[in-house]
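# Structural overview
Residue-level listing of the chains:
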Amino acid sequence: AVSNTDGTITSSVSANTDAGFSIALVPGESTTTSTYGHGLGKAPEFIIRKVTNTTGGWYVWHKSLPSSDGFLRLDTTASHSTTSIINGTQPTDTLVTMTPGNAQNDDGNTIITYNFTSIEGFSKFGSYTGNGSSDGPFIYTGFRPAWVIVKNRSATSDWRIYDTSRVSINPNNLVLYPNLTAVEATTSHPLDFLSNGFKVRGTFEDINTNAEIYIYCAFAELPFGGENAPPVTAR
């Protein structure tokens, strides 16, 4: 980690711009709107935030939230909150704004933030609209995913993680829940991991209710392999 003085508060940042990922350790600020430098050189699209020295939840900002500046909780099933944790200011290529006193952003607290941005052929952050059909929507990523995390942004629902290490062929039907302590489950609402994206199979509210909006994060199995990544064999 190195000191980053781009913001109003000096952050301690480790950044990998090729991977579109950085970690910033930021001191809390309860009374004044503050900014921290994230070191990505490109605006973050997905941020996970956790206070380290006191109890508190895992707060998530995603570029596809309805108000574009509210939050979700990675540790709960709660729907999107319109309360801003970025003070109503979109992240820039250098800075993230933090709402004073919001989500454990208080004097004396230390906050760890994990900042992600899409990198072509490596990662993708976005949203899709459910169609309520077992022949669900196809989401183009430009690569075959190694793992995908999905959350219904507007309804009480689990976060769901699918990956190719636990299931190497389609349908990808083993799911883990970041908001639960439960063991993995075999789901009847799987995803198909394809050479250039993923396809939703199932009508469950967690992944595919008609007209509901779902946020996703996807990471490539063969980084920068693009559409030439090998297809997966259907089961």
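A brief look at the structure comes next. (Residues numbered from 1 in each chain as written. Predicted model: local features only at pLDDT ≥ 70, side-chain atom pairs only at ≥ 80, totals over all residues. Heavy atoms only, no water.)

### Structural notes on unusual backbone geometry
Let me state the cut-off plainly: Starting at the N terminus, helices and strands are each numbered in turn, a helix being any DSSP run of H or I of at least four residues and a strand any DSSP run of E of at least two. Buried residues are those whose accessible area, probed at 1.4 Å on protein chains only, stays under 20% of the maximum for their type, while exposed residues exceed 50% and partly exposed ones sit between those limits.
Of note, the bond from asparagine 170 into proline 171 is cis; its omega dihedral lies within 30 degrees of zero at 0 degrees. Mapped onto the fold, proline 171 is located in the loop between strand S13 (160–163) and strand S14 (172–175). With phi around 65 degrees, glutamine 104 is a residue other than glycine that occupies positive phi space. When you line up the elements, glutamine 104 lands in the loop between strand S8 (95–98) and strand S9 (110–116). Backbone geometry places alanine 211, a non-glycine residue, at a positive phi of 75 degrees. Within the secondary structure layout, alanine 211 lies in the loop between strand S16 (197–200) and strand S17 (213–220). By relative accessible area, which is 52% here, alanine 211 ends up exposed.

### With respect to the nonpolar core
What counts, and what does not: The term nonpolar core refers to a set of buried residues drawn from Ala, Val, Leu, Ile, Met, Phe, Trp, Tyr and Cys, joined through side-chain atoms within 4.5 Å. By definition in these notes, contact holds between two residues if any of their heavy atoms fall within 4.5 Å.
Judged by nonpolar contacts, the single largest core of 29 residues is most densely connected at Tyr36, Phe46, Val60, Ile85 and Trp159. The set of elements that each furnish at least two residues to this core consists of strand S3 (21–27), strand S5 (46–51), strand S6 (59–62), S8, S9 and S17. Beyond its immediate chain neighbours, meaning those up to four positions away, isoleucine 85 contacts Arg49, Tyr59, Trp61, Asp69, Gly70, Phe71, Thr97, Met98, Thr99, Asn102 and Ala103. Membership of the second largest hydrophobic core comes to 17 residues, among which are Ile139, Leu191, Val200 and Tyr216.

### Some thoughts on the sheet that holds strand S1 (residues 2–4)
Let me state the cut-off plainly: Whether two strands pair comes down to DSSP finding at least two bridges between them.
Here seven strands make up an open sheet; going across it, the order is S1-S2-S3-S9-S5-S6-S7 and the pairing antiparallel. Looking along the sheet, the strands with just one partner apiece sit at the ends: S1 and strand S7 (72–73). When strand S2 (residues 11–16) meets S3, the two strands line up antiparallel, connected through five bridges. Bridge pairing in S3 places alanine 15 opposite serine 22.

### A closer look at the environment of glycine 28
Mapped onto the elements of the fold, glycine 28 is located in the loop between S3 and strand S4 (34–37). Judged by relative accessible area, which is 11%, glycine 28 ranks as buried. Those residues in contact with glycine 28 that lie beyond four places of it in its chain are Asn105, Asp106, Asp107, Asn109 and Ile111.

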